[in-house]
Amino acid sequence: MTLNTTTFEAALKVHYTDDRIKNLVYKNNPFLAIVPKMEAFGGRNLPIPIQYGVPQSRSADFVTARLARTTNSSQFKEFVLTRVKDYCIATIDAETMEASIGNPNAFMEAAASEIDAAIHSCTRSLATALYRDGSGVLGTGGAFGAGALGADQFALATADDVVNLEVGMTIDFVLVAGPAVAGAPRRIDGLDRDSGVVTMAAGTGGVWAGLGWGNALVSTDQIVCEGDFNLKVSGLQAWVPDAAPGAAAFFGVDRTADTTRLGGVRFDNAAAALGKRAALIRATARLAREGGMPTHCFMNHGDYAALLEEMNDKVDYAEVAAYERGDISFAGCLLHTPTGSIRVIPDHNCPMGNVYVLQMDTWKLYSLGGAPKILQADGMRVLRETDSDGIQVRVGYYAQMGCRAPGYNLVITGF
């Protein structure tokens with residue numbers, strides 16, 4: 001029987017079970033794996049009411065308390081979550097399909113490689129976004145076509161941000177001189193993952209001012225994947241920002257009424273100048289003051305390595321399981337703090353220098369079905385391409401992250 005979209009569809013349903021997809025998604029993405037999930041985010045939006053103040057109609061004098069009861073009631077805000085979308089498409093050539101007639105298992109191996117890669121690409125997009133602020137920013141530019149750099153090259157301000165970039169990715173810049181993207185996307189042709197040097201497609205460099213990116217780029221201009229600007233999941237940097245949030249509405253809420261209970265706790269270790277372990281202990285004490293009972297701490301592998309070196313042999317190691325998946329776990333360590341023992345887990349998606357101390361039962365990843373998943377709204381996982389000789393499998397998600405008690409969570413900057 002000829003292998004076609006119908007017969008391949010049957011094989012795909014067997015090969016890509018929900019369990020297999022979750023294994024692909026959770027592997028090497030600790031925060032994405034561990035955060036609680038709700039996969040029935042239907043409707044137009046999802047309100048998360050938060051009480052950030054209790055009744056203040058209290059006094060040792062009854063008359064005073066009674067008179068205050070009408071004006072000093074509980075304080076509430078309501079974050080109204082809306083979903084964002086993300087896609088990656090795997091395309092499989094028809095000739096490859098026909099060349100595999102009589103041996104569909106061989107074709108499945110070839111097709112699985114491309115589909116797995118699409119799932120991986122969409123997963124990395126989500127796992128990275130869960131740490132970011134929803135803007136889609138993946139890093140900051142450093143030097144542009146200067147010194148030892150070629151005309152088509154630039155160096156990242158933080159070399160570790162190269163983990164967020166891929167050869168073939170089309171990027172644009174968010175200009176410090178203006179909030180909008182420059183509107184002249186260019187393709188990445190090469191990455192030096194040691195130095196953080198990015199090589200653009202040949203001929204698009206030269207004088208950086210001539211790229212269609214307006215004036216010459218400066219070291220504070222930020223990198224964003226084409227089509228992502230301000231359309232990503234609002235992650236930890238959005239819910240617990242590095243600086244106290246201003247009056248700009250966040251899911252409909254002005255957080256200036258109480259920037260801690262509505263926007264999390266901040267601890268600036270660049271100013272405190274403490275060691276890694278001391279910073280974590282001091283910061284969790286600050287969180288304890290707010291009533292937080294943190295359970296997990298996430299940081300970059302580089303920061304985690306420095307913490308282990310500082311602690312020498314006084315380390316209690318631990319395995320941390322994924323949400324509702326005891327068969328998937330991540331290596332970490334226990335840190336004893338004023339709020340009790342917390343699990344410290346390295347995650348390469350976490351920005352270097354930022355550490356997040358979280359009470360995990362206050363967080364949830366809300367999605368319409370799995371995130372990510374193979375999209376099949378019409379019941380078909382495989383589609384015939386209309387503009388090329390092949391088939392496609394679409395991977396994506398519709399999701400948003402929410403927190404029902406931001407004030408019980410903490411970010412440490414300058415770690």
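Our structure is the block above this text.
About the cut-offs
- Residues numbered from 1 in each chain as written.
- Predicted model: local features only at pLDDT ≥ 70, side-chain atom pairs only at ≥ 80, totals over all residues.
- Heavy atoms only, no water.
- Pairing = 2+ DSSP bridges.
- Helix = DSSP H or I, 4+ residues; strand = E, 2+ residues; numbered from the N terminus.
- Axes fitted to C-alpha atoms, helices over the stretch in contact; angles between N-to-C directions.
- 1 Å grid on protein atoms, 1.4 Å probe; cavity = no way out; pocket = protein on both sides within 12 Å on 5 of 7 lines; lining within 4 Å.
- Points joined across faces, edges and corners; volume = space filled by probe spheres on them.
- Nonpolar A, V, L, I, M, F, W, Y, C, P; charged D, E, K, R; others polar.
- Patch = residues over 30% accessible without salt bridge, like charges linked within 9 Å, V, L, I, M, F, W, Y side chains within 5 Å.
- Areas by Shrake-Rupley, 256 points an atom, 1.4 Å probe, with all protein chains shown as cover.
- Salt bridge = Lys/Arg side-chain N within 4 Å of Asp/Glu carboxyl O.
- Phe/Tyr/Trp six-rings, centres within 6.5 Å; stacked < 30°, edge-to-face > 60°.
- Lys NZ or Arg CZ within 6 Å of the ring centre and 35° of its normal.

## Side note on the sheet that holds strand β8 (residues 186–192)
In spatial order, the strands read β5-β6-β9-β8-β7-β10; together these six strands close into a barrel with antiparallel pairing. Averaged over all pairs of adjacent strands, the angle between their axes in this sheet comes to 50 degrees, without regard to strand direction. Examined bridge by bridge, strand β7 (residues 170–174) and strand β10 (residues 222–225) share four bridges and lie antiparallel to one another. Each bridged residue has a counterpart across the sheet, and for Phe 173 the counterpart in β10 is Ile 223.

## Let's talk about empty space enclosed by the protein
Under the counting rule described, the total for this entry stands at one cavity of 30 Å³ or more. Volume-wise, the largest cavity comes out at about 50 Å³. Lining the largest cavity are Arg 132, Asp 160, Asp 161, Val 163, Asn 164, Asn 300, His 348, Asn 349, Cys 350, Pro 351 and Met 352. For the lining of the largest cavity, a count of residues per class yields four nonpolar, four polar and three charged.

## A short note on a nonpolar patch on the surface
Together, Phe 62, Val 63 and Leu 67 make up a nonpolar patch on the protein surface, roughly 330 Å² of accessible area in all. Relative to the helices and strands, Val 63 resides in helix α4 (residues 62–68).

## A word on the packing of aromatic side chains
Scanning the model with the defined rule gives eleven aromatic pairs in all. Put simply, the rings of Phe 31, Tyr 131, Phe 298 and Tyr 356 touch in pairs and so form one group of aromatic residues. The ring of Phe 41 carries the charged tip of Arg 83 above its face, separated from the ring centre by 4.9 Å.

## Some points on the layout of surface pockets
Looking at the largest pocket, its volume works out to about 530 Å³. Lining the largest pocket are 25 residues, and of these Ser 121, Ser 125, Asn 164, Met 169 and Cys 225 sit closest to its centre. For the lining of the largest pocket, the secondary structure elements donating two or more residues are β4 (84–93), α6 (104–129) and β5 (137–144). Per-class residue counts for the lining of the largest pocket are ten nonpolar, eight polar and seven charged. As for the second largest pocket, its lining consists of 23 residues, and the residues nearest its centre are Gly 370, Lys 373, Ile 374, Leu 375 and Gln 376. Mapped by element, the contributors of at least two residues to the lining of the second largest pocket are α2 (18–26), β17 (363–367), β18 (373–374) and β20 (390–403). In terms of residue count, the dominant contributor to the lining of the second largest pocket is α2 (five residues). In terms of residue class, the lining of the second largest pocket is made up of twelve nonpolar, three polar and eight charged.

These results come straight from atomic positions and should not be treated as a statement about function.
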